[in-house]
Amino acid sequence: MKKGDHLFLVDGSGYIFRAYHALPPLTRKSDGLPVGAVSGFCNMLWKLLSEARDTSVGVTPTHFAVIFDYSSKTFRNELYPEYKANRSAPPEDLVPQFAVIREATRAFDLPCIEMEGFEADDLIATYARLAREAGADVTVISSDKDLMQLVGPQVSMYDSMKDRQIGVPEVIEKWGVPPEKMIDLQALTGDSVDNVPGIPGIGPKTAAQLIEEFGDLDTLLERAGEIKQNKRRENIIEFADKARISRELVRLKDDVEVTEKLDELVLNPLDGPKLVAFLKGMEFTSLTRRVAEATETDASAVDAAEVAVDAAAEMRGPDLDPGKAGKAGASGTSGKGDDTPQGLAKRRAEATASAKIDTSAYETLRDIDQLKAWCAMARERGLVAFDTETTSLDAMQAELVGFSLALPETAPDTGDLMVRACYAPLMHSNGAGDLLGGGGAQAGQMPMQEALSELKALLEDPAVLKIGQNLKYDMLVMAQHGISIESFDDTMLLSYVLEAGAGGHGMDSLSERWLGHTTIGYKDVTGSGKNAIPFAEVQIDKATAYAAEDAEVTLRLWHVLKPRLVADGVASVYERLERPLAPVLMRMEKHGIRVDRQILSRLSGELAQGAAALEAEIQELAGENFNVGSPRQLGEILFDKMSLPGGTKTKTGQWSTTAQALEDLAAAGHELPRKIVDWRQLTKLKSTYTDALPGFINPETKRVHTSFAMAATTTGRLSSSDPNIQNIPVRTAAGRKIRTAFIAEPGNVLISADYSQIELRVLAHVAHIPQLTQAFADGVDIHAMTASEMFGVPIEGMPSDVRRRAKAINFGIIYGISAFGLANQLGIERSEAGEYIRKYFERFPGIKDYMEATKAEAKENGYVTTIFGRRAHYPEIRSSNPQVRAFNERAAINAPIQGSAADIIRRAMVRMEPALEKAGKKARMLLQVHDELIFETAEADAGSIIPVIVEVMENAAMPAVDMAVPLKVDARAALNWDEAH
DNA sequence: CCTATCTCTTA
DNA sequence: GTAAGAGATAGGT
């Protein structure tokens, strides 16, 4: 930037609030998204930019930036904890607009700048100073008096709503003091909106007069005794300290270490189609037309952009209200009269939890008319809790035994929530195999088909919200009967979004936690162990108490948890990453993957042979027969009997026989440990995979249907079980053979598409590491680049060991590195590992900053956040036990990285089916392995489908987050998983 | 029969 | 150093 340049700085946050209050309320897009403030903001930007192109107007910007508040927690809160403490929460319909306005800024191709710990005003002050020092002129687009201290010969302000220029004369005219005295003036008057104290009884007029008389604040405070008016004199003397604090609060910080440099703010020509796409998506018809004309864009040829209601704004929503949010969340008061989302959520929780649950009051639906009556009531209410009872935990093999419903009612006297619940038994039978014959249906059950057709009408009615706990399971059960569940909420997912890491999300623990109610256990009705009976054989009255209670508890949980979604600012995580994924995963599980029984059986035989041969050799070398699979017996043989050196003990005092320990012994020339390692590999592969997998082949579908758990991990990853397909071997040749058993149907192929280095890319983005960002932009080998930076070795011809070390360090960083862990991984001394880490931090100082900031955030809030707003809770990070604490710190450092990557692939999965549909190709998504998606499709279609898959995956973060680093996806098709991967 | 411990597989 | 699930053994009930 140079003399003659002109920088425009838009006070985005200030503008949002002004536009919101100035414009007619309740301007909404057709999908209900409130967009009034967005509309005002876009019109303002367009006006500024189109005038900028009109050279007849005097002022034309060469550089441009829009600045936002990041959160209200700034250095000012350290100075004065009450700062902005009386702010009320932003209006509910404004909250979602914060994110959209950032999106709008990007659509205009303008830099969108915000920084944690600083207000927009500080960033504006900093850029204004930098530009001034470069000799350029500055216009601040705002009318906020807090910014008037910046006005001077090179800096002026512009009130875009009143179309008014604010220079030095205007400041003097309005406030009676020149801009440089504005700080002193505000120190005296204070600010009730921001809770800046000032001096009581002094307003702008008196303040200006005092400053005129004494020159500045310090002089005034020194000579306050000279003031004639008694009360005024006393107040100034008494509250002198408050005035000094106030001065520091209103003084803008103009030396923030900003990341975007001035030259990056240069104003580029508008990208017409991009902006038109956004405006079209927002349904701003007249602005769309104006922009299309001015940029010569054919609006009809541009697809409307998806509008982001992203997490970032919701994250900040409650932050804007530290006072009330904090009080409502933490104090024990009932929050009566508190109309913030936090207050409402709290009142709802208290009212719901205080109610008694009576499991003897449930209705059993015996005939179809009773069911019809309940369905009619559900339609009237528009919402119903629903739960299925089945014969199996495996939803693919489960038979429907009955279902329960629960409806909300309002108590006439107190207005509290009351719940009516019922159970409809469908397939209960008498115990089979006893002397009386048994096996017949229990009396008083309605015909299955009629019941199902009533149920279908209810579940598929989008006007009735279905509430369930782990509804993916019920969806799968109902899908077997050709029934889908159309609009729904899931209490398990609500709980997961609200408090992943803070406790379990099963119904029993949720009921204890939120309702203080202990539910009837499944085992209480079925018995356990060898006395257990199938649920279908449970007496109907007992089943009614159990099943209807589940529906009631689910409904009550929903009443408690759903309002907290908005109160806690995590609604978009639920709406975009959790709820829409449930039916997607349901279909993946339902489809399953074909597994070749013959291949596994052959492998089992080979493995058995190999293991048997090794076992014989092992017994021979050991000189006795022992259980090779028993670590305890093995440890005694190796370290007591044979007295091999270097043995270590586990925490329970047993000899450690880990693969690493055995490898070390093998390296020292001992034959036995090597054979143990080999034997373990073979038996592991056999027992866990080749023997176990065939047992998961569904007899009906002949395919394997894993179960994906959506609420199992703290970070947002999925987990897989029954069988776990996320740990199928890949690293060794022997292990990979197991993957060859995962095959496509004849005529089909499997496609595997996986993200390349997604976690390191996320790290580069969240920690703002320029070298990493550049390396990914250039597509260079990231580990080699790291090695080159650290060890000064050129990338060309780098020894593989140097790269290996750098790779271990990169992974270590993601895992919250410790010298101990890195030393272990690389087999080097801890001191050497510590030296590597020191060097790494020296070369990439941003990483250290990121780690410290993340730890501090976790300690402060009890949780950390992904780039999409998902929270991972670490309550034990404040533990007094240093080991526990350190472990939680590492986990907290890892969670935003692992979790953001998990969010990205979730977004891809949610968008994948519509994208494939739109491309007109039939392809089924089958599996997810953290950074990889597996599909099956007709062989002839693979070539045309791969680009669609890659496109969806690589753009999955957009538009909610515009990553600083490109995402890269590799995809391949083959007849089996091993070759596709 | 249930649970804890140890080990090993994946990203 | 992060995140998972699962099998075998051993020891309690």
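Residues numbered from 1 in each chain as written. Chains lettered and ligands numbered in written order. Predicted model: local features only at pLDDT ≥ 70, side-chain atom pairs only at ≥ 80, totals over all residues. Heavy atoms only, no water.

Q: When you look at the overall build of chain A in this model, what are you seeing that I'm missing?
A: Within chain A, the regular secondary structure consists of 40 helices and 23 strands. Here chain A has a C-alpha radius of gyration of 33 Å; the compact-globule value for 981 residues is 30 Å, and the two agree. Per-residue burial for chain A yields a buried fraction of 53% across its 981 residues. Accessible surface computed for chain A: about 42700 Å², of which carbon and sulfur atoms make up 51%. The distance from the centre of the 108 positive side-chain charges to the centre of the 140 negative ones in chain A is 2 Å. (Helix = DSSP H or I, 4+ residues; strand = E, 2+ residues; numbered from the N terminus. Rg over C-alpha atoms; globule rule 2.2 N^0.38 Å. Buried < 20%, exposed > 50% of the residue type's maximum accessible area, 1.4 Å probe, protein only. Areas by Shrake-Rupley, 256 points an atom, 1.4 Å probe, with all protein chains shown as cover. Lys, Arg positive; Asp, Glu negative; His and termini not counted. Charge placed at Lys NZ, Arg CZ, Asp CG, Glu CD.)

Q: What is the right way to look at the protein's contact with DNA strand C in this model?
A: Around DNA strand C sit 33 residues, and of these Ser630, Arg632, Asn724, Ala808 and Phe820 come closest. When atoms of DNA strand C within 4 Å of the protein are sorted by moiety, sugar and phosphate together comprise 75%. Within the backbone of Thr714, an N or O atom sits 3.1 Å from a phosphate oxygen of DNA strand C. Among the elements that line the surface near DNA strand C, the one with the most residues is helix α38 (residues 882-918), at five residues. Among the residues forming the surface near DNA strand C, the class breakdown is eight nonpolar, 20 polar and five charged. (Near = heavy atom within 4 Å. Polar contact = N/O pair within 3.5 Å; in protein donor to acceptor, adjacent residues only side chain to side chain. Nonpolar A, V, L, I, M, F, W, Y, C, P; charged D, E, K, R; others polar.)

Q: Is there a simple way to explain helix α37 (residues 845-861) in this structure?
A: The α-helix advances 3.6 residues per turn, and as a result positions three or four apart in sequence lie on the same side. Helix length check: α37, at 17 residues, gives a terminal C-alpha distance of 24 Å against a target of 24 Å (1.5 Å per residue), a fit within 8%. When α37 is considered as a whole, its buried residues turn out to be Ile847, Tyr850, Met851, Thr854, Lys855 and Ala858. Seen along its axis, α37 keeps its buried residues to an arc of 130°; they face one direction. More than 90 degrees from the buried face of α37, the exposed residues found are Asp849 and Glu860. Check the buried side of α37 and you find it contacts α31 (758-767), α34 (800-814), α36 (830-843), β19 (863-865) and α38. (Expected span 1.5 Å × (residues − 1). Arc of directions from axis to C-beta. Contact = heavy atoms within 4.5 Å.)

Q: Honestly, the packing of aromatic side chains in this entry has me stumped. Any pointers?
A: Considering all chains together, one arrives at 15 aromatic pairs under this definition. Geometrically, the ring pair formed by Phe8 and Phe64 is tilted, given 5.7 Å between the ring centres and 35° between the ring planes. Of this pair, Phe8 sits in strand β1 (residues 6-11) while Phe64 sits in strand β2 (residues 63-67), and the two are 56 residues apart along the sequence. Residue classification places Phe8 among the buried residues on the basis of a relative accessible area of 6%. Judged by relative accessible area, which is 0%, Phe64 ranks as buried. Members of the aromatic cluster, each reached through a chain of ring pairs, are Tyr15, Phe41 and Phe68. Above the face of the Phe791 ring, Arg805 is positioned so that its terminal group lies 5.4 Å from the ring centre. (Phe/Tyr/Trp six-rings, centres within 6.5 Å; stacked < 30°, edge-to-face > 60°. Lys NZ or Arg CZ within 6 Å of the ring centre and 35° of its normal.)

Q: I'm lost on the packing of helix α20 (residues 491-499) against helix α23 (residues 540-567) in this one. Help?
A: To characterise two packed helices, one gives the angle between the axes of the helices and the distance between these axes. Remark: α20 packs on α23, axes separated minimally by 9 Å, with the N-to-C direction vectors making an angle of 35°. The two elements α20 and α23 meet at a crossing, and its hand is left-handed. Every residue of α23 that contacts α20 at Thr491, Leu494, Ser495, Val497, Leu498 and Glu499 is listed here: Thr554, Leu557, Trp558, Leu561, Lys562, Arg564 and Leu565. Within the contact of α20 with α23, the residues separate by chemical class into seven nonpolar, three polar and three charged. (Axes fitted to C-alpha atoms, helices over the stretch in contact; angles between N-to-C directions. Left-handed = near helix turned anticlockwise from the far one by under 90°.)

Q: Help me understand the pairing of strand β11 (residues 465-468), please; the structure alone is not making it clear to me.
A: The side chains of a regular strand alternate, residue by residue, between the two faces of the sheet. The sheet contact formed by strand β8 (residues 383-390) and β11 spans three bridges and is parallel. For Ala385, the partnering residue across the bridge sits in β11 and is Ile467. In the sheet, β11 pairs with strand β12 (residues 488-490) via three bridges, with the strands oriented parallel. Looking at β12, one finds that Lys466 is bridged to Phe488. (Pairing = 2+ DSSP bridges.)

Q: Even after reading the chapter, I still don't get the side chain of Arg703, so can you show me in this structure?
A: Along the polypeptide, Arg703 turns up in strand β14 (residues 703-704). One polar contact links Arg703 to Glu745, side chain to side chain, over a distance of 2.9 Å. Excluding its chain neighbours within four sequence positions, the residues that come into contact with Arg703 are His591, Gly592, Ile593, Arg594, Phe696, Ile697, Asn698, Glu745, Leu926 and Glu936.

Q: What should I look at first to understand the domain arrangement of chain A in this one?
A: How large an interface is tends to be reported as the accessible area lost when its parts come together. Taken as a whole, chain A is organised into domain 1 (6-171 + 253-301), domain 2 (341-429 + 439-586), domain 3 (598-696) and domain 4 (758-899). Centre-to-centre separation of domain 1 and domain 4, based on C-alpha positions: 35 Å. (Domains from an automatic or database assignment.)

Q: What am I meant to see in the nonpolar core here?
A: Here is a general trend for soluble globular proteins: nonpolar side chains tend to be buried in one another's company. Membership of the largest hydrophobic core comes to 190 residues, with the highest contact counts inside it found for Tyr755 and Ile904. With ten residues, α38 is the single largest residue contributor to this core. With near-sequence residues (within four places) excluded, Tyr755 lies in contact with Ile904, Ile905, Ala908, Asp931, Met953, Glu954, Ala956, Leu967, Lys968 and Val969. Counting residues in hydrophobic clusters, the runner-up holds 52 residues, among them Ala125, Ile166, Leu210 and Ala240. (Core = buried A, V, L, I, M, F, W, Y, C linked by side-chain atoms within 4.5 Å.)

Q: Help me understand the protein's contact with DNA strand B in this model?
A: Inspection of the region around DNA strand B gives 22 residues, with Thr650, Thr652, Val730, Arg731 and Asp931 positioned closest. Near the protein, within 4 Å, the atoms of DNA strand B are sugar or phosphate in 83% of cases. The side chain of Lys684 places a nitrogen or oxygen atom 3.0 Å from a base oxygen of DNA strand B. Side-chain polar atom of Asp931 to a sugar or linking oxygen of DNA strand B: 2.8 Å apart, as the coordinates give it. If you tally residues by element for the surface near DNA strand B, the top one is helix α29 (residues 671-690), at four residues. Here the surface near DNA strand B is composed, by residue class, of six nonpolar, ten polar and six charged.

Q: Where do I start with the confidence of the model for chain A in this structure?
A: Detail in the predicted coordinates should be disregarded across regions flagged by low pLDDT. Summary statistics for chain A give a mean pLDDT of 88 and a share of 93% for residues scoring 70 or more. Low confidence marks residues 310-335, where pLDDT is under 50. Its contacts with residues over four positions away, or in another chain, come to 59 contacts. (pLDDT = per-residue confidence, 0-100.)

Q: Help me understand the sheet that holds strand β13 (residues 593-595) in this model?
A: Strand pairing in a sheet is mediated by backbone hydrogen bonds. Such pairs are either parallel or antiparallel. If you trace the three strands from one edge of the open sheet to the other, you get β14-β13-β17, paired in antiparallel fashion. Because the sheet does not close on itself, it has two edges, and the strands there are β14 and β17 (742-743). As paired elements, β13 and β17 share two bridges and run antiparallel to each other. In the strand pairing of β17, Arg594 is matched with Ile743.

Q: Please explain the UniProt feature "domain: DNA-directed DNA polymerase family A palm" (unreviewed entry) in chain A as it appears in this structure.
A: In the numbering used here, UniProt assigns the "domain: DNA-directed DNA polymerase family A palm" (unreviewed entry) feature to residues 735-941. Between the first and last C-alpha atoms of residues 735-941 the distance is 30 Å; the span itself is 60% helix and 14% strand. (UniProt positions renumbered as here; feature names shortened; annotations may be inferred.)

Q: Looking at this structure, how should I read the pattern of salt bridges?
A: On inspection of all chains with the given rule, the structure shows 52 salt bridges. Glu248 is the salt-bridge partner of Arg251, the closest N and O atoms lying 3.3 Å from each other. Residue classification places Arg251 among the partly exposed residues on the basis of a relative accessible area of 37%. In this structure, Asp978 and Arg736 form a salt bridge, with 4.0 Å as the shortest nitrogen-oxygen distance. Of this pair, Asp978 sits in helix α40 (residues 977-980) while Arg736 sits in helix α30 (residues 733-739), placing them 242 residues apart in sequence. Assessed through its relative accessible area of 31%, Arg736 is described here as partly exposed. Each of Asp218, Arg247, Glu248 and Arg251 takes part in salt bridges that share partners, so that together they form one network. (Salt bridge = Lys/Arg side-chain N within 4 Å of Asp/Glu carboxyl O.)

Q: Can you walk me through the sheet that holds strand β6 (residues 164-166) in this structure?
A: On the basis of which strands lie adjacent, the open sheet formed by six strands has the order β3-β2-β1-β4-β5-β6 and mixed pairing. The outermost strands of the open sheet, each flanked by one partner alone, are β3 (112-113) and β6. Summarising the sheet, β2 and β3 pair through two bridges and their orientation is parallel. Note on β3: the bridge partner recorded for Ile67 is Ile113. Across the sheet, helix α5 (residues 120-133) lies against β1, β2, β3, β4 (137-141) and β5 (155-159), angled at about 175° from β1, the strand it touches most.

Q: Would you explain the state of the cysteines in this entry?
A: Summed over all chains, the structure comprises zero disulfides. Unpaired in terms of disulfides, Cys112 finds its nearest cysteine sulfur in Cys42, a separation of 12 Å. With relative accessibility at 17%, the residue Cys112 sits in the buried group. In this structure Cys422 is not part of a disulfide, and its nearest cysteine sulfur, from Cys375, lies 8.6 Å away. Overall, Cys422 belongs to the buried group, its relative accessible area being 1%. (Disulfide = S-S within 2.5 Å.)

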